[in-house]
Amino acid sequence: MAEILEIQEEHHTNLLPTPDNGEGGEKTAMNISYGKTMMWYFLLSDAFTFSAFLIAYASIRLAQAWWPNPNLVFKSFPGLGHTNAPLAFVSVMTFILILSSVAVVRAVQEGHRMNQKGVMLWMIGGIVGGAMFLGCQAWEWNHLIAEGLRPFYNPFGPDANGVTHLVEEHMAVSPGPIAFGALFFGITGFHGFHVFTGVCINIWAFFATANGTFQRRGHYEMIEKVGLYWHFVDLVWVFVFLAFYLM
Amino acid sequence: MSSHLSEEQYQSSVKAVWRATAILSIVTVVEVAVALILGPHLPKLVMNTFYVLASLAKAFFIVGEFMHLKYEKRAFMLSLGVPLVFLVWAIIAFATEGHYWNILNHPK
């Protein structure tokens, strides 16, 4: 009995029946709540899914004799017309996503202090950042589709010297590797879907906070779980950015 | 349930997060600057190695600081990290195979 009490002490848990709040508040052997553990293992499985996509991308790209130069494909910026600004827009998108992630970290920290207003304020920051990222992605997809990129057609082809051009501008000798479009829309689309669901979940978490659900529960662990998912979206973007825009 | 923080712990954790934010932003800016300035002049292999290392550094900051994994139990970190070792095999195997197709399809 004494031993059990010691263990209780050590893990700050209460072995007596606690009111069930539906998210499994008891700590496990690794001193992390059941709910957070399961969110982490879900994210691990999701990481394998994204890795499979990105590894498929790498192997297909390596199997081609030629691949479009990202500096010449992703060079547009909204409102600047036919500009040449390689990587500029995607850097802005990356920055927006990082800041949105930071806002949610701050919400988690305010949750630790039981500061309801603070959680709400920073969650709004996270939601706005996510929505802005989605807007940017919509613009970029729209622009590339207007240039002729499709899942089964790639207008970015090589000229005689291997420099990337649009086929429609009669500079390239042939269209580029077909897989480029399918991989680009597939992988950035799957990531964008994660961003979209993340924004929806963040909006839900904001309203639950505003209703005082977590204040009454006595802890803001739900914000931590929602935050884990949101940071994972940011983490995946690091590797999408690497694979499509940098390499 | 969730450990309620003291004022000092709160202040230091806020500081740690802004520090991580600054590092992530700087690494991203450096990556893009290097890509635009040095990219056209250096061999592809050097550039790609740099990009991969910079991205892994960013990943460590996001997972460690933002996702708070740095502060969890070691056993828990290992339970997430060890399965990812399979990916090292997958990347090597699939990259080799892709390169082999390239040689088969486009003989010099």
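**Digging into the overall build of chain A**
Then, number 1: Helix and strand content of chain A: eight helices and two strands.
Then, number 2: Counting helices and strands in the order they occur from the N terminus, chain A gives α-α-α-α-α-β-β-α-α-α.
Then, number 3: Looking at chain A residue by residue over its 247 residues, the buried ones come to 39%.
Then, number 4: In chain A, once contacts between residues fewer than 6 apart in sequence are set aside, the share between residues at least 24 apart is 62%.

**Some thoughts on the interface of chain B and chain A**
Then, number 1: In this complex, chain B contributes 44 residues to the contact, which on the side of chain A involves 42 residues.
Then, number 2: Elements that contribute at least two residues to the side of chain B that touches chain A include exactly α1 (7–37), α2 (44–66), α3 (74–81) and α4 (85–105) of chain B.
Then, number 3: Among the elements that take part in the side of chain B that touches chain A, α1(B) stands out by supplying 12 residues, more than any other.

**With respect to the nonpolar core**
Then, number 1: By size, the foremost hydrophobic cluster in this structure holds 62 residues, and its most contacted members are A107(A), I223(A), V240(A) and F241(A).
Then, number 2: Going through the elements one at a time, α2 (34–62), α4 (88–112), α5 (116–146), α6 (179–210) and α8 (221–246) of chain A together with α1 and α2 of chain B are the ones with two or more residues in this core.
Then, number 3: Ranked by the residues each element gives to this core, the list is headed by α8(A), at 19 residues.
Then, number 4: Those residues within four positions of F241(A) in sequence are excluded, and the remaining contacts are V90(A), T94(A) and L246(A).

**Points about the confidence of the model for chain B**
Then, number 1: The predicted model of chain B averages 90 in pLDDT, with 96% of residues at 70 or higher.
Then, number 2: Here the complex is predicted with pTM 0.88, and the ipTM for its interfaces comes to 0.91.

**Overview of the packing of α4(A) against α1(B)**
Then, number 1: Closest axis-to-axis distance for the α4(A)/α1(B) pair is 11 Å, and the angle between their directions is 170°. Of the possible angle classes, the one that applies to α4(A) and α1(B) is roughly antiparallel. Of α1(B), the residues touching α4(A) (which contributes S91(A), T94(A), F95(A), I98(A), V102(A), V105(A), R106(A) and Q109(A)) are Y10(B), S13(B), V14(B), V17(B), T21(B), L24(B), S25(B), T28(B) and V32(B).
Then, number 2: Grouping the amino acids of the contact of α4(A) with α1(B) by side-chain chemistry returns nine nonpolar, seven polar and one charged.

**Brief notes about the domain arrangement of chain B**
You'll often see interface size given as the accessible area lost when the parts meet.
Then, number 1: The domain boundaries assigned to chain B delineate domain 1 (1–71) and domain 2 (72–108).
Then, number 2: Look at where the C-alpha atoms of domain 1 of chain B and domain 2 of chain B centre, and you get two points 23 Å apart.

**A word on the packing of α8(A) against α2(B)**
Then, number 1: Axis separation between α8(A) and α2(B) bottoms out at 9 Å; the angle between their running directions is 175°. Between α8(A) and α2(B), the crossing angle belongs to the class labelled roughly antiparallel. Residue-level contacts link H231(A), D234(A), L235(A), V238(A), F239(A), L242(A) and L246(A) of α8(A) to Y51(B), V52(B), S55(B), K58(B), A59(B), I62(B), V63(B) and F66(B) of α2(B).
Then, number 2: Its residues assigned to classes, the contact of α8(A) with α2(B) comprises 11 nonpolar, two polar and two charged.

Calculation rules
The residue count restarts for each chain, going from 1 along the sequence in the order it is written. Each chain gets a letter, beginning with A, and each ligand a number, beginning with 1, in the order they are written. Confidence filtering applies because this is a predicted model: local features only for residues at pLDDT of at least 70, side-chain atom pairs given and counted only at 80 or more, and all residues used for totals across whole chains, interfaces and linings. Each helix corresponds to a stretch of at least 4 residues labelled H or I by DSSP, and each strand to a stretch of at least 2 residues labelled E; elements are numbered beginning at the N terminus. With C-beta atoms placed from the backbone, the exposure class of a residue follows from how many other C-beta atoms lie within 10 Å of its own: 20 or more, buried; 12 or fewer, exposed; in between, partly exposed. Note that contacts rest on C-beta atoms placed from the backbone: two residues are in contact if these are within 7 Å. As used here, a nonpolar core is made of buried Ala, Val, Leu, Ile, Met, Phe, Trp, Tyr and Cys residues. They are joined through C-beta atoms within 7 Å. As a per-residue quantity, pLDDT reports the predictor's confidence and falls between 0 and 100. Between N-to-C directions, angles span 0 to 180 degrees; the directions come from axes that are lines fitted to C-alpha atoms, helices contributing only their stretch in contact. Angle categories: roughly parallel below 35 degrees, roughly antiparallel above 145, roughly perpendicular from 65 to 115, and oblique for all the rest. Throughout, the ten residues Ala, Val, Leu, Ile, Met, Phe, Trp, Tyr, Cys and Pro are labelled nonpolar, Asp, Glu, Lys and Arg are labelled charged, and all others, Gly among them, are labelled polar. Each domain's extent is set by a domain assignment, obtained either automatically or from a database.

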